[in-house]
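# Understanding the architecture of this molecule
Chain residues, written in single-letter form:
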Amino acid sequence: MNTPRRVEHQQTDRGTIPVYATGVVEQPWDDYTSVDHHVWGELFARQREVLAGRACQEFLDSQNVLQMTADAIPKFSELNPILREATGWELVGVEGLLPEYTFFEHLANRRFPVTWWIRKPEQIDYISEPDLFHDLFGHVPLLMNPIFADYMEAYGRGALKAHGISEEALLNLTRLYWYTVEFGLIRTAAGLRIYGAGIVSSKGESIYCLESDAPNRIGFDLERIMRAQYRIDTYQQTYFVIDSFEQLFEATLPDFTPIYARLANQPSIRARDVLDSDDVIHRGTREGFATDEDA
Ligand code: HBI
Ligand code: FE
């Protein structure tokens, strides 16, 4: 079993977390074991089945165009020509979570960092940090969509700028990433569908986010999302629903500086809370919600 090279450990309010080398690494494809390929195959087959009729069509179609299959872990070097041709994005191998600034620099330059190692068999259902399955299966397909691809670059540029403004501005943008790129839903003629990578890479949450009565489902509102706290330790208590990828991209066109200034004077909103001003698609029953404070 391959293991990432952890360079050191860091104390944070989430406990001790590994810090990885920040450099780009070549995907050591020949070193994957049969267990690694098997874990990929099992997760791939299981999620494709769960996601039929649940993930948005753009996601499923792009996975086909990229020729991802359950047979073996895809090679970044074979995905890259297809991705470059479609939207000019490219994948780079990394050891794991990058420092925020480094991560944003990659996005701003249309490079998506993909963790090269895959979880162990005993972590099939849950892993707390992004691995190859989350990054590649979850994030990469939508980079084939021209509008979503532009949104991701705009996000990276905006985040680099927010970094130079204030901690709060960056937190506002982190929430936007969380509630769109990671946990976003989209309204389609056929009904609500998933596009968020954090959802599509989780069997339990793929079903929960659409079928459970517990969580809120609320129409996309940029400033509302920027004020919303989120959970990193449970399924989401609120999902935000876009109408189209155009809506998402267009929301990132204006300069966010005045928005940050406005939000600095407003309280944040708990992950579970619904406001009178919300475009409520489904008001959650909150059944089974954790009662402690949001992260
Ligand atoms: N690094 N490799 C990697 N992948 C991520 O998704 C990632 C990251 N570093 C920081 C980060 N995400 C978060 O800070 C988000 O807020 C963007
Ligand atoms: Fe992710």
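Residues numbered from 1 in each chain as written. Chains lettered and ligands numbered in written order. Predicted model: local features only at pLDDT ≥ 70, side-chain atom pairs only at ≥ 80, totals over all residues.

Quick look at the overall build of the protein chain now. Along the backbone of the protein chain there are twelve helices and nine strands. Computed over the C-alpha atoms, the radius of gyration of the protein chain is 18 Å, within 12% of the 19 Å expected from 2.2 N^0.38 for a compact globule of 295 residues. Referenced to the eigenvectors of the C-alpha coordinate spread, the extents of the protein chain come out at roughly 55 × 40 × 40 Å. Looking at the protein chain as a whole, 38% of its 295 residues are labelled buried. The contacts in the protein chain between residues at least 6 apart in sequence include a share of 67% that link residues at least 24 apart. (Helix = DSSP H or I, 4+ residues; strand = E, 2+ residues; numbered from the N terminus. Rg over C-alpha atoms; globule rule 2.2 N^0.38 Å. Buried ≥ 20, exposed ≤ 12 C-beta atoms within 10 Å, placed from the backbone. Contact = placed C-beta atoms within 7 Å.)

Before going further, it helps to spend a moment on the UniProt feature "binding site: Fe cation" (unreviewed entry) in the protein chain. Mapped onto this structure's residue numbering, the UniProt feature "binding site: Fe cation" (unreviewed entry) falls at H134, H139 and E182. Annotated residues spanning 49 residues; largest pairwise C-alpha distance 10.1 Å, indicating a single compact cluster. C-beta crowding within 10 Å serves as the criterion here: with 22 such atoms nearby, H139 is assigned to the buried category. Dropping the residues within four chain positions of it, H139 is found in contact with F112 and A197. Mapped onto the elements, E182 comes out in helix α7 (residues 167-182). C-beta crowding within 10 Å serves as the criterion here: with 19 such atoms nearby, E182 is assigned to the partly exposed category. (UniProt positions renumbered as here; feature names shortened; annotations may be inferred.)

The next subject is the site of ligand 1. In the vicinity of ligand 1, the residues found are V94, L97, L98, E100, F103, P113, P130, T174 and Y177. Looking at the shell around ligand 1, the elements that each hand over two or more residues are α4 (100-108) and α7. A breakdown of the residues in the shell around ligand 1 according to their chemical character gives seven nonpolar, one polar and one charged. (Near = placed C-beta within 6 Å. Nonpolar A, V, L, I, M, F, W, Y, C, P; charged D, E, K, R; others polar.)

Take the packing of α4 against helix α6 (residues 146-163) next. Between α4 and α6, whose axes approach to 7 Å, the crossing angle comes to 140 degrees. One way to sum up the angle between α4 and α6 is to call them oblique. In this structure, the crossing between α4 and α6 has a hand that is left-handed. Taken together, the residues of α6 that come into contact with α4 (itself represented by Y101, F104, E105, L107 and A108) are M152, E153, Y155, G156, R157, A159, L160 and H163. (Axes fitted to C-alpha atoms, helices over the stretch in contact; angles between N-to-C directions. Parallel < 35°, antiparallel > 145°, perpendicular 65-115°, else oblique. Left-handed = near helix turned anticlockwise from the far one by under 90°.)

As a further point, take the packing of α6 against α7. Where α6 meets α7, the closest approach of the two axes is 8 Å, and the angle between their N-to-C directions is 155 degrees. Classified by the interaxial angle, the pair formed by α6 and α7 is roughly antiparallel. For the element pair α6 and α7, the recorded crossing hand is left-handed. For the pair formed by α6 and α7, the contact residues are Y155, G158, A159, A162 and H163 on the first element and A169, L170, L173 and Y177 on the second. For the contact of α6 with α7, the residue count by class is seven nonpolar, two polar and no charged.

The next point concerns the confidence of the model for the protein chain. Looking at the protein chain as a whole, the pLDDT averages 93, with 92% of positions reaching at least 70. In the predicted complex, the global pTM is 0.92; the interface-specific ipTM is 0.96. (pLDDT = per-residue confidence, 0-100.)

Across the eight residues that make up helix α5 (residues 132-139), a large majority, eight, are buried. Looking only at α5, the buried set comprises L132, F133, H134, D135, L136, F137, G138 and H139. Taken together, the buried residues of α5 touch α1 (34-51), β4 (111-115) and α8 (197-200).

Before going further, it helps to examine unusual backbone geometry. Backbone geometry follows two general trends: most residues other than glycine have a negative phi, and most peptide bonds adopt the trans configuration. If you check the backbone angles, Q67 has positive phi at about 60 degrees while not being a glycine. Along the chain, the position of Q67 falls in the loop between α2 (57-65) and α3 (76-87). A tally of 10 C-beta atoms within 10 Å means that Q67 is categorised as exposed. With a phi close to 55 degrees, R110 is a non-glycine residue in the positive phi region. Here R110 is to be found in the loop between α4 and β4.

We now examine the nonpolar core. Ranked by size, the top nonpolar core spans 69 residues in total, and within it V114, L132, L143 and I194 carry the most contacts. If sequence neighbours within four positions are ignored, V114 has contacts with F76, L91, V92, G93, V94, L132, D135 and L136. (Core = buried A, V, L, I, M, F, W, Y, C linked by C-beta atoms within 7 Å.)

Let us now look at α2. Every α-helix carries 3.6 residues per turn, so stepping three or four residues along brings you back to the same face. Turning to α2, its buried residues are F59, S62 and Q63. For α2, the angular spread of the buried residues around the axis is 105 degrees, confining them to a single face. Pointing more than 90 degrees away from the buried face of α2 are the exposed residues Q57, N64 and V65. Packing partners of the buried residues in α2 comprise α8. Two residues or fewer after α2 comes Q67, characterised by a positive phi angle close to 60 degrees. (Arc of directions from axis to C-beta.)

What follows deals with the pairing of strand β5 (residues 185-188). Pairing of β5 with strand β6 (residues 191-194), which is carried by four bridges, proceeds in the antiparallel orientation. When the bridges of β6 are listed, L185 appears paired with I194. (Pairing = 2+ DSSP bridges.)

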